[in-house]
Amino acid sequence: MVSCIYDPAVYLSNEEYQLKFPNRKQDIQTIVEKPYLYILGQSGSSDIDQLTYSDTRVEDLKEMHKCITATSMNAPFQDVFRMFSGDNPARQFESGQQRGGHYSCLCGVHVENHQNFECCFRRYPRSLQQRTEKLRNGIQWKNSHPVTNPNPFSNPRVQQIQDELDARRIEITDTRKAAVLKQLTDELEGIQRPPALLCSMSEGQNTIKDLHLETYEVQMCEPLHDISNVVANLITELPYHLPEKEIQKEYEEFSKITIGDKNQIRGSDARLYAVKLSKFTQTKYEEGKVDINIVNLCNSLIEIISIAYSKADARNARQILRMYNQSFIFGQLCKSVIGNPVKMTSRKFYGTHFHSLVTHAPEAYRLFCLKSILTENEERSFGSLRSISKNTSDRKPCHIIQNAIIRYNAQQHSSEKQNSFLQQDSFISKQSKLLPPRGPSVFQKSFICSRTGLFQSHLERIADYMMLGENFWWSQDETSVTFHDSAQHPVHSDPKVLHFRNVTAIDVYEHLKECWDKCTQEFIKSS
């Protein structure tokens, strides 16, 4: 699937559209970001099979970069291939990351460190160019071939691993295969091969620059799958961390009614279950059966979901700060309320989805409206394609593709499904509004003093807010630090809201590093 990203500098806002067409009411962002079927093919799930489509994609990329002229304004337009979003396997394939294992996230953090927020928050983002350079620091990559051997590090011999470590100037302390393989795995941090678009069979070796992919980024989070899995895991695990058996049984019953035996829940269901969990927990808190930490845990998750599904015009400096604070609060409360999971393994509860939501979702929100990188409409399209193929074809491989494409494209002109989705979203939104209003993000100084390094790593991510000084975006008293990020606080024009059209994730990291350096310099001067 392929779609445009809504940019208010290019497209009309809802208000501008309403002024131009008073009798029509449209959600412009939804129209602009509607996904279109790009490639529908039959292949296995292995890299070798999926890479057979890279040549077609590369050809289209080269064509896409050609400048076109809008005749109505006589203005030149040039499309930019800006970002890739999808579930974990799709993002791992696109970037050349290993699937699963200890380095499943594109950021290269070991799975055992997903709970180590200091490590995660200070992780430097890598561009596709930097990932490719890290891969080519050794010699084994030269043996790769996009058709026969796309992954040069698959099942290497001991001597090959040792030669690779020597080429990377890494000292070998143990010559056993398991030991040297771990050294190489830790060095590569999950990078297995070049990005998919660099694995084509076209003449000559394409580079990032040749394909105009300098600003192309594979997102490190995808809110739809991350939220769905985190909500399901929390509802399943929470009953086992409550003090009284009576309240445990009530939460277990809630879990059975909502999650039950489902292995996977839809994104819309997950959002509704999160709202119901928050309302249920608020009721139990008023009855004195649960403490305030569980209420705050559920509320912070609701805040994250609300921001993730908010539209582009709601994205502002206050909302971005809110996303950072509430993600941090949610992650920290999970560690204090849940601690060591009982019903599932730590790796599942604090796995890639938890890590992506807490660490990478706020980072993505710095540049993108998260609704723009949600793949909910794409997932619905996959469901439609499956349904069409199941109900209207003879299921012979040679007949499925053409039938599915024709019927799917015809189905997209129908407004029935769109109205159904809008009604679904409207119902969830109305349920969410029934929850009590949520106040600003507050951090107790007892927590700050006990976890100084952790809290500092959080502040480094919002250094541009901290740089503006006390009583602008934050204030303090004897017991706590309060951020002015709730709906009751004003929206300031500073710091400037960054945008994907002219800034990348690496630019954001460098900008925040400069802001933090200024903060520390000012602190040194004042002391």
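Provided above is the structure to which this section pertains.
Residues numbered from 1 in each chain as written. Predicted model: local features only at pLDDT ≥ 70, side-chain atom pairs only at ≥ 80, totals over all residues. Heavy atoms only, no water.

1. Concerning the overall build of the protein
Spelled out, the test is: Per the convention used, a helix needs a DSSP run of H or I reaching at least four residues, while a strand needs a run of E reaching at least two, with both numbered from the N terminus. Throughout, radius of gyration means the C-alpha value; the globule benchmark is 2.2 Å times the number of residues raised to the power 0.38. Only protein chains enter the area calculation, which uses a 1.4 Å probe; residues under 20% of their type maximum are buried, those over 50% are exposed, and those in between are partly exposed.
If you tally the helices and strands in the protein, you get 24 helices and seven strands. A compact globule built from 527 residues should have a C-alpha radius of gyration of about 24 Å, and the protein, at 25 Å, falls within 12% of that. Judged by the C-alpha coordinates and their principal axes, the protein covers about 70 × 65 × 50 Å. Across the 527 residues of the protein, 47% fall into the buried class.

2. Some remarks on the packing of aromatic side chains
This is how it is decided: Planes of paired rings set the category: under 30 degrees apart is stacked, over 60 is edge-to-face and the rest tilted, where pairs are Phe, Tyr or Trp rings (Trp by its six-membered ring) whose centres lie within 6.5 Å.
Applying the stated criterion across every chain, the model contains 20 aromatic pairs. Each ring, one from Tyr-251 and one from Phe-280, has its centre 4.9 Å from the other, and the planes form 70°; the classification is edge-to-face. Within this pair, whereas Tyr-251 is found in helix α11 (residues 245–258), its partner Phe-280 is found in helix α12 (residues 267–286), the two being separated by 29 residues in sequence. Neither residue differs from the other here; Tyr-251 and Phe-280 are each classed as buried. Seen in terms of ring centroids, Phe-330 and Phe-354 are 6.2 Å apart; in terms of plane orientation they differ by 45°. Their pairing is tilted. With a gap of 24 residues between them, Phe-330 in helix α14 (residues 317–338) and Phe-354 in helix α16 (residues 352–365) connect regions that are remote in the sequence.

3. A few points about the environment of Glu-252
This is how it is decided: Residue contacts are defined here by distance: any two heavy atoms, one from each residue, within 4.5 Å place the two residues in contact.
With respect to the helices and strands, the residue Glu-252 is situated in helix α11. Residues in contact with Glu-252, not counting those within four places in the same chain, are Pro-239 and Tyr-240.

4. What about the sheet that holds strand β6 (residues 474–476)?
Basically, it comes down to this: Two strands pair under a simple rule: DSSP has to find at least two bridges between them. Axes here mean lines fitted to C-alpha atoms, for a helix over just the part in contact, with angles spanning 0 to 180 degrees between N-to-C directions.
Pairing is antiparallel across the open sheet formed by three strands, whose spatial order is β5-β7-β6. Among the strands making up the open sheet, the edge pair consists of β5 (441–444) and β6. Within the sheet, the average angular offset between the axes of one strand and its neighbour, ignoring direction, is 20°. Sheet topology note: the β6/strand β7 (residues 480–483) ladder contains three bridges and is antiparallel. Within β7, the position partnered with Gln-476 by the bridge is Val-481. Lying on the sheet, α14 is in contact with β5 and β7; it crosses β5 at an angle near 45°.

5. Section: the environment of Leu-512
Among the structural elements, Leu-512 can be located in helix α24 (residues 505–526). Classification of Leu-512 by relative accessible area gives buried; the value is 9%. Counting along the chain gives 49 residues from Leu-512 to Ala-463, while the straight-line C-alpha distance between them is 5.7 Å. Setting aside residues no more than four positions away along its own chain, Leu-512 makes contact with Arg-366, Glu-460, Arg-461, Ala-463 and Asp-464.

6. Thoughts on helix α10 (residues 223–237)
Here is the rule we go by: Working rule for helices: expected span equals 1.5 Å times residues minus one. Whenever two N or O atoms come within 3.5 Å, that pair is a polar contact, provided that in protein one can donate a hydrogen and the other can accept it, and provided that, for residues adjacent in sequence, both atoms are side-chain atoms.
For α10, built from 15 residues, the straight-helix expectation of 21 Å at 1.5 Å per residue is met to within 8% by its first-to-last C-alpha distance of 21 Å. Across the 15 residues of α10, 13 count as buried, placing the element largely inside the fold. The backbone nitrogen of Leu-224 has a side-chain oxygen 3.0 Å away, supplied by the residue at the start of α10, namely Glu-222.

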